[in-house]
Each structure stands twice: as C-alpha cells, then as structure tokens.
Amino acid sequence: MRVKSAFKDMDIARLIIAAFFVFLCIAAVALRLNISELISSSLTRMGMWGVLVLAMLPAIVSGTGPNFGVSLGIVCGLLGGLTALELAYRMEGVVAFPPGALFLVAILFSLPFALLVGIGYGWLLNRVKGSEMMIATYVGFSIVSIMKLAWVFLPFKNPEMAWPIGRGVRVQIALANRGLAQILNNFLAFRIGDVVVPTGLLLAVALAAFLMWLFLRSQTGMAMATAGSNPRFAEASGIVVDHQRIIGTVLSTVLGAVGILVYSQSYGFLQLYEAPMFMPFVAVAAILIGGASVKKATITHVIIGTVLFLGIQVVAVPVANAFTADWSSMGEISRKIIQNGVILYALTQAGGE
Amino acid sequence: MAVEPILRMKGISKSYYGTKVLDSINLSIMPGEVHGIVGENGAGKSTLMNILFGMSVIHSTGGFEGSIEIAGQPVEIKSPLQAMSLGIGMVHQEFMLLPNYSVAENIKLNREVLKPNFISRIFGPKLQSLDYDQMYADSRKALERLNIGIDEYALIAGLPVGHMQFTEIARELDKQNLRILVFDEPTAVLGESEADHLLQAIKEIAASGIAVLFITHRLNEIIEVCDNITVLRDGRHVTTKAKQDTNVIELAELMVGRSMSFATRQRQSSHQGRPIMEIKNLSVDMPGERVRGVNLTVYEGEILGIGGLAGQGKIGIANGIMGLFPTSGEVKVSGASLELNNPSASIAAGLAFMSEDRRGVGLLLDSSIELNIASGAMFGTGRFVKTWGPFSQVDQAAIRENAEKYIADLDIRCTGPKQHVRQLSGGNQQKVCIARALTMNPKILLVSEPTRGIDVGAKQLVLATLRRLNAELGMTIVVTSSELAELRSICTRIAIITDGRVAGILRPDDSDVNFGLLMAGQPIDKGA
C-alpha cells in the first residue's frame, strides 16, 4: 500500500520531465549559454505564470477539475486592464494616477466582471457534472472568439488602445506609456551578479499563494475541499456541494483575471484577440507536471509545476537552437509536446483509483 | 413413477476468499415439480443459482465442489450459454429487456426466426431477414401459455412492470428445449393480483412437465405453489420438506434459526424514556430501498433496531431522516418538527449518521484520520474553527487533540492521526466513523449496517462500543442492520420493515417464528 502510493507520488511521467529539465540545464552549461540570463528570465517567467497556475488550484480542489476555461477569467482581467487605461485617459487633467495605483485600479475593475462571470460559469459547470473539462475547454474557446467581436465594438476612446484607422482596440496595447510595464518586476528588484531577481513579481505570486493557503484552511475552504474530494460525504455532512463548486469556480476565475494582469505587466503589453486562446493549456500542464491530478492538487503542486514547466520553456529554446541552428522552432515544438503530452497523460489517469 | 430427477445437485460447496458460503447442499427436482428455496439474505440462494448457471463469478473465484446431473447425465456448466443449451432458463429479478423493442422482438432476442432473401442467397445466411410473422406467432403462443393479455406488438418501454416480468417468462417458455426454469424472487416487483396470476402461471408451466425452481422470501407463496421446499440458512442445507408436511410458521422458524455467535440481549427493566423522535408517515425515495409510510417512535436512551430483508426499505429510513434522499412525511425531534430533505437541518437537530456505504458516503478515504473525525462537527456546528469576523481558520491543534483522544478511546489501530483512512482495515474505518459521529455530540445516533464488510472480531468490538455508548452516556441509538442476530444482541426493541412499512415491533427475545413471519410479510397473532 505505502510503497504503491510512494511510487504514485513520483510517477514515471514526472520523473521523465524532471530528468529532461536537468538534462536541459546541463546542456545549457555545456553549450556555454548565458546562464545568468537564463536564470533571470526563468524567474521572470515563473512569476508571470504563477498566479495563472494557481488559478487551477481552487477549480481542482472544488471538484470541477483543471480549469480549461480560465480564459474567462483572463478576458475579465483584460477588460479590467482596458477599463483602467480608459479611466486614466478620460481623467487626464483631473486626476493623475500613479502607476501603482493604476495597476490596483485595473485589478479592482476586473474583479466584478470575474465575480459575475465566475458565478454564471460555476452554474453552468454544475449542470454538466462529469464532463466539466470538455465543457470548460469549449467555453474557453467560445469566449475568446466572442471577445474578438467585443474588442472591436466596445466604446473605448483612449488613442493608446485604438487602431489608428478604423474602430476597435489593437491586438497589443503597450503598458509602458502609463508606467505599468514591469511595475511589479521592478519593485525591490535586485541583482546577484548578472542575475536579476524580479522581487515584486515573486512577492505578488507568493502573496496570492499564501492567501490561497489561508483560504484552504478556513471553514469555507475545508468545505470546498470536502465537496471536491467526496460529494456524497459532503452532502451527508450538510455541505451544499453545488455552492462550493461555484465558490471554487469564482476563485479560479478571479485568479485568472488577476493572473493575466500580473502576466501582462511583466510582458509589457495587454494581448487581446487570439492571445488568451491557448493560455489555459499552459496553466493546466504546469499544475499537472507539479504532481496534481485532475482530482487532487495542493499549493506544492502549483509551485513545483510552475518551476519545472516554465523552467523548461525558458531553457529549452536556446538549447534547442544551439543544437539545430537552422530549425529555430525546435524549442517551441518541444514545449508543445510536453504541454499536451502531460495533459493527455493526466486525463488517462483520471479514472484510476 | 420411476422417473429420473431432471436436476440433481450433490454436495455443492463454495468458498469466496476462504469464507464458506455454501456447505454441501443437496437438491433434486423431478420434471413437473415446483421446488421452493427459502432463506434470508446471505443464506446462499443466489450463489447456488450462480453455480447452476455457470456464472463467471463462480469460476473466477476458484469454482465449486460437488456435482450437477441433468436428467441423469453428469454435466459441467461453464457458462450461462451452456446452461441455456442444457435447457435451464432463468427469470431474473432485474429485467433484461430492451425498452425500445417490441414484446415479440424481446422474446425472440438473439434467437430470431430468419428467412432467406435475395441478398442472403448471394452473401450468406448472416444477411437473412427476420421472419416477423413467425416471430409474432411464436410470441403469441408463449404468452398464451401464461394466460396473459399482453400485446406482442407493444413496445417494452410503456409496459407496466408486471407485464415486463411476464415477457421475461415468455422468453424462457419460447425456448423449445426448456427443461428447468428458475424464478428468482419473481413477485418482488409485482402487485398482489399480478403475483397471483404469476403463481397460477407457474403451476401451469410445471403441469407441462417443466421443473420449476422458485426462490422467494414470501412464505405464503411458497406454500401455495411448491411441491417441495428447501430451506437454506448461513450456506447450510437446513431441510427439505414436502408441502403437506410443513406450514408457514415452521418455515419461518427454520429460516431465521438462531445464530450461535451472538447472545441475545436480555430483556431490559421495562422503563421507557420519553419519546425523543417521532416519525409519521415517512416515505423515502431511495432506489432499491423505498420507504412507503413508516410510523415509528424512538424513546430516549434506547437502542432501537431496524431489521428486515434487503430491498424492503429498512436502509431508506435513516437515509431519509438525514435528508440524503427525497423524503416526505413528518419527523419530530424532541418535539420540534424537522425540516426534511436538508442534511444541515438534520445535523443541527442533533442527529448523527453512520452510513451503510462507509467508503462512499461515510469517509473521506484520501484524507487523514483526524480530519475525518473532525469534519462532521466542523461543518455541522462550527467546532474546531476559530473565527475573526468573516475570516476563519481551522484549529489544527484542537483537531489533533480530539483525534488522539478517540484513537485511544476506541483503540483505532493506525500509525497516527495523520494516516489516510483508506489504509485502515474495515473495522478501524468503522471506528473512525463512530469517532466522527461522537465528535458531533449527537442526541440521536443513526447507525446503518455497522458491521458490514468487517471481520468477526471487529464486529464484536463495534457492537460492544455501541452498547457502551448507550449504557455509559445514555445515548439514543437507532441501528439498521441486515443481520438479525446482531440486532437481537444489542437492541431493546426491533422494528421489522417489510415492503417499506413497519411490519411489527418485537423484543430481542421474541421467538424466531415471529421474526420470520414479520420478515416474510405475514401478520403474527398477538398472543404469540
């Protein structure tokens, strides 16, 4: 029994991926790549994705499975970001928002959207018990497509966001103009040799993870985890399972919204239209690589998964390029193979006891 | 009458994983005989039939001992298909019918009458068409033997259950080589008039020379149709009697018997507390265990047993009171009306429940012992939670302390409070359930099948614990169990549930006859 569960914790897929990461790191050293730069950009990338990966946790814990529809939250976050930029533009000459305040305003604006969308989405997921993941995937695809129309027709006036000709907002909106770019990354950032540590970004992720940790130890959090791990037991304990699943979905959506804003400030742009389409898959793959299953996940899984998967993403590209100089998409291809392979693997394990 | 028995089973024994469930059963049936088999749940009736049918569950668990002869020929039945070709038919308890096919199509399923056509002449017999006219005619003939007005063209989907049952029987009758027909609790789903009709049909089937094996727990039916009756108890062959040599009362006594392993509880000094829970006209829509109007009063400080055969609704009562299945009626706890269909309300009213489905409903298998023990009280009453305004945090230290107390008190064998419940044995899991219920500090403890799936030693421990709680803490306990002996060893009163209603309430030291009669749905004389 015990031997079996020990093997389960380090199952073969995760061992292979961890070994691959180690191999990449050794290769990077052997190829004399710029290690400091690789470490810096790994840290940044892990921070960028941290909150989005964390968004998977309440969904899995509440029993709806990895949130393939976190694009809903992402879209809400983008909407909050655009609204904040619009507000800054309209209030020009009246109030000047310092960048930090504007970033908080963006988060605040995204919350009501995420809350409402999360409740509706949770309601939907309660109606499709058993096939949440597939429904979520298609909800995600659909919302991204619907929002493509919305981005064209929403009445934003800020010229920084609008196309120079025609109507609608641009595909990428630079955040540097308002001082939002890298606002978290640069907060208390410091160097060790050539390695840049994006302190603020990592602190933001740590804060989100800590709040989630506290929540999971609250009465509501416990009830949510119970509803997710054994719905019939939960009902018998007087827990209304459907409510708990909605709470989990709302939290996941809210974290998706906050997550994309954290991501965007580091990237320096808000990316609209096609961009959110495949983001959920990265987050799903990361938490699964961290050791989560579609039924069980912990904060530790989030951290391990983020470090492993995003570490691979950063290191694989230059290593692959050094090997195959004239086939530059090798890094991207290996990332896709791992991402989709891990999701596939986790889904095949889902039914097993 | 030097006729050879059509079926003879000799010295049939069967063990599942070292537990003997059948012990040298002998059975022989003449052509045209109706032979009844009676016994409680777990007496071995279904195992015996599984052997006769060569079901794979028998062969995958090491086969059986003994021999089977059909018409004097020793046979080895390895599969249901072979059983059918030997002329053994079975009318199942659950219907095996395709709802969107007609009665005739179901009767002829996989034995369709075929006729050649243009394409089949070229491409072979696999492509022959169905001869519907012949199929309908054959079905008509089979249905007429049953004397029942079912339209062979009708779709199964719209038929009443009784007609589905007759369709199943017609399917067996239509098989030309049928020599032995087994009825497994055929009247369980039928109304009274349909049941009478069925018994009539059984007599006629037997009159045509087919041997009938009739399994039921309704003793009056057995007496009415059977020529000979075999009683099984705990896997042993108790007796075989001719109908004229026995009666319902004797059969009831033989069926229940007295188990050696438990001592019957002595009658209590007849002090009764005040009523703590009053149940009026309770109906529970629990699949397979429907409750149809139970009236019952539970008195403070007693251990009330709820017994009865499987499927009669005893399990549904506690599940209904706890709000786990759609429920109607009225329940009062300490005089206050209980809101039904709401588990939180039941918990708030001071009820705690140990489910019969321990691994499914009773426990969080992949969580720690301490969390399992604390969870009921945590969600029900907010114990183990520290709150600051809208924020709360679980009090890990209090949870640990509580778990350690119960691990010591109830002697839960584990590596520590952090161990996952899945790794514990059945008996220790049950102790965790008890600890969980006690932590909720209930006024009334509802316990369903407390000893199901745990070994004998652990059974005694669990029962002793329940008894101790009652004696030392004065806790009111309602125990539902399929094992009558177990109820008789700990309860002060035992309500027997038959057909979703209370058939009667007995004392643990009442006679076996009375228990047997109530379980078989017979009224008992008040004088008995």
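Values in this document were obtained by computation on a predicted structure and should not be read as measured data.

So, how was this worked out
- Residues numbered from 1 in each chain as written.
- Chains lettered and ligands numbered in written order.
- Predicted model: local features only at pLDDT ≥ 70, side-chain atom pairs only at ≥ 80, totals over all residues.
- Contact = placed C-beta atoms within 7 Å.
- Helix = DSSP H or I, 4+ residues; strand = E, 2+ residues; numbered from the N terminus.
- Axes fitted to C-alpha atoms, helices over the stretch in contact; angles between N-to-C directions.
- Parallel < 35°, antiparallel > 145°, perpendicular 65-115°, else oblique.
- Nonpolar A, V, L, I, M, F, W, Y, C, P; charged D, E, K, R; others polar.
- Expected span 1.5 Å × (residues − 1).
- Bend = angle between axes of the 7 residues up to and from the residue.
- Pairing = 2+ DSSP bridges.
- pLDDT = per-residue confidence, 0-100.
- Left-handed = near helix turned anticlockwise from the far one by under 90°.
- Domains from an automatic or database assignment.

Let us now look at the interface of chain B and chain A. Each side of the interface is counted separately: chain B has 25 residues, and chain A has 16 residues. At the level of secondary structure, the elements contributing two or more residues to the side of chain B that touches chain A comprise helix H12 (343–348), helix H13 (358–362), helix H14 (369–381) and strand E20 (391–394) of chain B.

Turning to the packing of helix H5 (residues 71–90) of chain A against helix H7 (residues 132–153) of chain A, a few remarks are in order. All names here are of chain A. Contact geometry for H5 and H7: axes closest at 8 Å, N-to-C directions at 25°. If you check the angle between H5 and H7, you find them roughly parallel. Where H5 approaches H7, its residues Ser71, Leu72 and Val75 are matched on the opposing element by Val139, Gly140, Ile143, Val144 and Met147. Across the contact of H5 with H7, the residue classes break down as six nonpolar, two polar and no charged.

The terminal C-alpha atoms of helix H13 (residues 299–323) of chain A, which comprises 25 residues, lie 36 Å apart, in line with the 36 Å expected from a rise of 1.5 Å per residue. The sharpest bend along H13(A) comes to roughly 35°, located at Ala316(A), with the proline Pro318(A) sitting one to four residues further on.

A few words now on the sheet that holds strand E21 (residues 444–448) of chain B. Residues and elements named next belong to chain B. The strand order across the open sheet built from six strands is E18-E21-E22-E15-E23-E24, with neighbouring strands paired in mixed fashion. Two strands in the sheet have a free side with no partner beyond their single neighbour: strand E18 (351–354) and strand E24 (501–506). Across the sheet, the mean angle from the axis of one strand to that of its neighbour is 20°, orientation sign disregarded. Direction of pairing for E21 relative to strand E22 (residues 476–480): parallel, over a ladder of five bridges. Residue pairing across strands places Val447 opposite Val479, the latter belonging to E22.

With that settled, consider the pairing of strand E1 (residues 7–16) of chain B. All names here are of chain B. Taken together, the five bridges between E1 and strand E4 (residues 65–70) define a ladder with antiparallel strand orientation. Paired with Lys10 across the bridge in E4 is Ser67. One ladder, built from seven bridges, connects E1 with strand E2 (residues 19–29); its direction is antiparallel. Across the sheet, Tyr16 pairs through a bridge with Thr19, a residue of E2.

Turning our eyes to something else, we now look at the confidence of the model for chain B. Residue and element names in this part refer to chain B. The predicted model of chain B has a mean per-residue pLDDT of 84, with 94% of residues at 70 or higher. Confidence scores differ between elements of chain B, with helix H10 (residues 248–256) showing the lowest mean pLDDT of 80 and E22 the highest of 93. Among the scores for the predicted complex, ipTM is 0.80 and pTM is 0.76.

Let us now look at the packing of H5(A) against helix H11 (residues 241–267) of chain A. The description of two packed helices rests on the angle between their axes and on the distance between the axes. Residue and element names in this part refer to chain A. As a packed pair, H5 and H11 sit with axes 7 Å apart at the nearest point and diverge in direction by 55°. Viewed along their axes, H5 and H11 adopt a mutual orientation that is oblique. For H5 against H11, the interelement crossing comes out right-handed. Counting all contacts with H5, which are made through Leu72, Gly73, Ile74, Cys76, Gly77, Leu78, Gly80 and Gly81, the residues of H11 involved are Ser252, Thr253, Val254, Leu255, Gly256, Ala257, Val258, Gly259, Ile260, Leu261 and Ser264. The residue makeup of the contact of H5 with H11, split by class, is ten nonpolar, nine polar and no charged.

Let's shift gears to H7(A). Two residues of an α-helix separated by three or four positions point the same way, owing to the 3.6 residues in each turn. Over its 22 residues, H7(A) extends 31 Å from the first C-alpha to the last, a length consistent with the 32 Å expected when each residue adds 1.5 Å. Tucked into the core, H7(A) has its buried residues touching H5, helix H6 (99–127) and helix H12 (279–289) of chain A.

By domain assignment, chain B separates into domain 1 (7–87 + 177–256), domain 2 (96–160) and domain 3 (275–519). Residue composition of the side of domain 1 of chain B that touches domain 3 of chain B, grouped by class: five nonpolar, two polar and two charged.

Here the focus is the sheet that holds strand E13 (residues 275–284) of chain B. All names here are of chain B. In spatial order, the strands read E14-E13-E16-E17; together these four strands make up an open sheet with antiparallel pairing. Edge positions in the sheet fall to strand E14 (291–299) and strand E17 (336–337), since each of these pairs with one other strand and no more. In this structure, strand E16 (residues 327–333) lies alongside E17, joined through two bridges in antiparallel fashion. Within the sheet, the bridge partner assigned to Val333 lies in E17 and is Ala336. Across the sheet, helix H11 (residues 314–321) touches E13, E14 and E16, and the angle it forms with E13 is around 110°.

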